[in-house]
Amino acid sequence: MPNTITIEPVTRIEGHAKVTIRLDDAGKVSEARMHVNEFRGFERFCEGRLFSEMPLITQRICGICPVSHHLASSKACDAIVGLELPRPARLLRELMHMGQFIQSHALHLFHLASPDLLLGFDADPAVRNVVGVIQANPDLALKGVAMRRFGQEVIRQIGGKRIHPYDGASPGGINHGLTPAGRDTLRREVDGVVAGMQVAVGIINAYASEHAEQMQAFANFPSGYLGLVRENGELELYDGRLRLLGPDLEPWEPDFDPARYLEFIAEKTEDWSYLKFPYYKKLGYPQGVYRVGPLARLNLCAGISTPLANDEWQRFRALANGGAVEGSLFYHLARAIEGLYAAERARALLDDKDVCAQETLAVGPVRNQVGVGVVEAPRGTLIHNYWVDERGRLEKVNLIVSTGHNNWAMNRAVNEVAKAYVDGQQLTEGMLNRVEAAIRCYDPCLSCSTHAIGQMPLEVELRGADGALLHHARRS
Ligand code: MG
Ligand code: NI
């Protein structure tokens, strides 16, 4: 038996972390953990800046989800100026948010998740990547590219740039309206995006019925669920109230104003990871752990306001007879259904008579010295909370990012999959790919969760009972 085993990096996720799989004397997995090792102290670094700079500063936390930070930050700033947003601004912010969802979910579905689903977990890693998907199904790969381009074009029209908008949301609204010409361009393309998302849902539904056993067995465990909903309980991504349910989908709390999150959510620290573990305060850790993101949102909502996505949501909920769908691979299906919702919702917003109105900004001085802004980012609930002095200078900043809420769940998923599939005596690449795939279900953004800039690899180490490194394989 060799002395050392490691895999590096874990591929097709955004960011940098390390998985350690510990074996016992018999070569069976005893424990697996996901460590997040980078730390940049973004919250401290912002102290002393003016709050109104935050929508532009915080989007630099991440090259993957800048719009989510931009919008959560703008909402926290709205609360500080204490003004009602003009209706056109509310529409444009949500439209920009839908653009972000479409591009992020399309990227994950077509480029990061599809190699496992279309080519198989055990396919040769030399072809189990986006190039392999393009060769196997060029039409599908092109659809993914077109959908991403549409999402980025929405962001550019509203925010001035495809990735980091510099001229988008401000405290109290949006800097400028959408032009009729811009709206018309987007309107011409949006039907194709709706159709492309339907194709994505169809592919994952087909995969799920062909691999029913694996879908049920793979990283399947109970948890609580957190996410925004509308007043009537429907899926909501930009605004609304927070819903927190237990594993049986019974409320742990009545739906609450996101500004009250500190009453209900606390964060546990572990010495082996910089990323904290949020949990429901009243139950404590780990009894009060919950999941966020697509699977959580489709488990906790009471329906979807757009017709095509709502049909798919009903089929999704029937998978568990109306109870919670718990298998981690179902994140992919939930993500596709949300992508369909985002495309349909973008179409409805583009058809709104006020979407090109130019009254988009309400301005005023600091009225409140605390502001909370919460959105559902593609990966889950994103919280920005600022405390300012009377002149608007930041005294304290608290961010809880989507990937942080899922920290416990990703660790649990890694543990389940490592114990079920990894055999220390006869290690195969496919076994270790399944461990990575457990993490990929959650589409973690490690740039966000470490508040570190740039994309860095995740590595996996397999260690023996004595702690010795047993395997090291490089893929990049
Ligand atoms: Mg934080
Ligand atoms: Ni991010």
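Residues numbered from 1 in each chain as written. Chains lettered and ligands numbered in written order. Predicted model: local features only at pLDDT ≥ 70, side-chain atom pairs only at ≥ 80, totals over all residues. Heavy atoms only, no water.

Chemist: Mind showing me how you'd approach the coordination of the magnesium ion (ligand 1) here?
Modeler: Think of it this way: four donors in a tetrahedron around the metal ideally sit 109.5 degrees apart, and six in an octahedron ideally sit 90 or 180 degrees apart. Only Glu43 (OE) and Leu399 (O) from the protein reach the magnesium ion (ligand 1) as donors, at distances of 2.2 to 2.3 Å. With Glu43 in helix α1 (residues 42-46) and Leu399 in strand β14 (residues 394-400), this residue pair connects regions lying 356 residues apart in the sequence. We note that Glu43, like Leu399, is buried. (Donors = N, O, S within 2.8 Å, 3.2 Å for Na, K, Ca; no water. Helix = DSSP H or I, 4+ residues; strand = E, 2+ residues; numbered from the N terminus. Buried < 20%, exposed > 50% of the residue type's maximum accessible area, 1.4 Å probe, protein only.)

Chemist: Honestly, the pattern of salt bridges in this entry has me stumped. Any pointers?
Modeler: Where charged atoms from two side chains of opposite charge approach closely, those side chains can pair. Enumeration according to the criterion identifies 34 salt bridges in this entry. Notably, a salt bridge pairs Arg49 with Glu53, separated by 3.1 Å at the nearest N-O pair. Under the relative-accessibility criterion, Arg49 is labelled partly exposed at 32%. The residue Arg230 makes a salt bridge to Glu234 at a minimum N-O spacing of 3.7 Å. (Salt bridge = Lys/Arg side-chain N within 4 Å of Asp/Glu carboxyl O.)

Chemist: Got a minute to help me understand the sheet that holds strand β8 (residues 251-256) in this structure?
Modeler: Through backbone hydrogen bonds, the strands of a sheet pair up, either in parallel or in antiparallel fashion. Within the open sheet, the four strands sit side by side as β8-β7-β6-β11. Their pairing is mixed. For this open sheet the edge positions go to β8 and β11 (290-291), each flanked by a neighbour on one side alone. The sheet contact formed by strand β6 (residues 224-229) and β11 spans two bridges and is parallel. Bridging from a neighbouring strand, Tyr225 pairs with Arg291 of β11. (Pairing = 2+ DSSP bridges.)

Chemist: Would you mind showing me how to read unusual backbone geometry here?
Modeler: Excluding glycine, most residues fall at negative phi; most peptide bonds, likewise, are trans. The omega torsion of the bond from Tyr285 to Pro286 falls at 5 degrees, within 30 degrees of zero and hence cis. Within the secondary structure, Pro286 is located in the loop between β10 (273-280) and β11. Positive phi, normally seen in glycine, also occurs at Ala219, with a value near 45 degrees. For Ala219, the position within the fold is in the loop between α8 (212-217) and β6. Of note, Leu249 is a non-glycine position whose phi angle comes to about 70 degrees, a positive value. Within the secondary structure layout, Leu249 lies in the loop between β7 (241-245) and β8.

Chemist: Mind showing me how you'd approach helix α3 (residues 66-81) here?
Modeler: Because each turn of an α-helix spans 3.6 residues, side chains separated by three or four positions in sequence point in the same direction. Compared with an ideal rise of 1.5 Å per residue, which puts 16 residues at 22 Å, α3 spans 22 Å between its outermost C-alpha atoms and is within 8% of the ideal. Most of α3 sits out of view: 15 of its 16 residues are buried. Following α3 by one or two positions, Gly82 has its phi on the positive side, about 65 degrees. (Expected span 1.5 Å × (residues − 1).)

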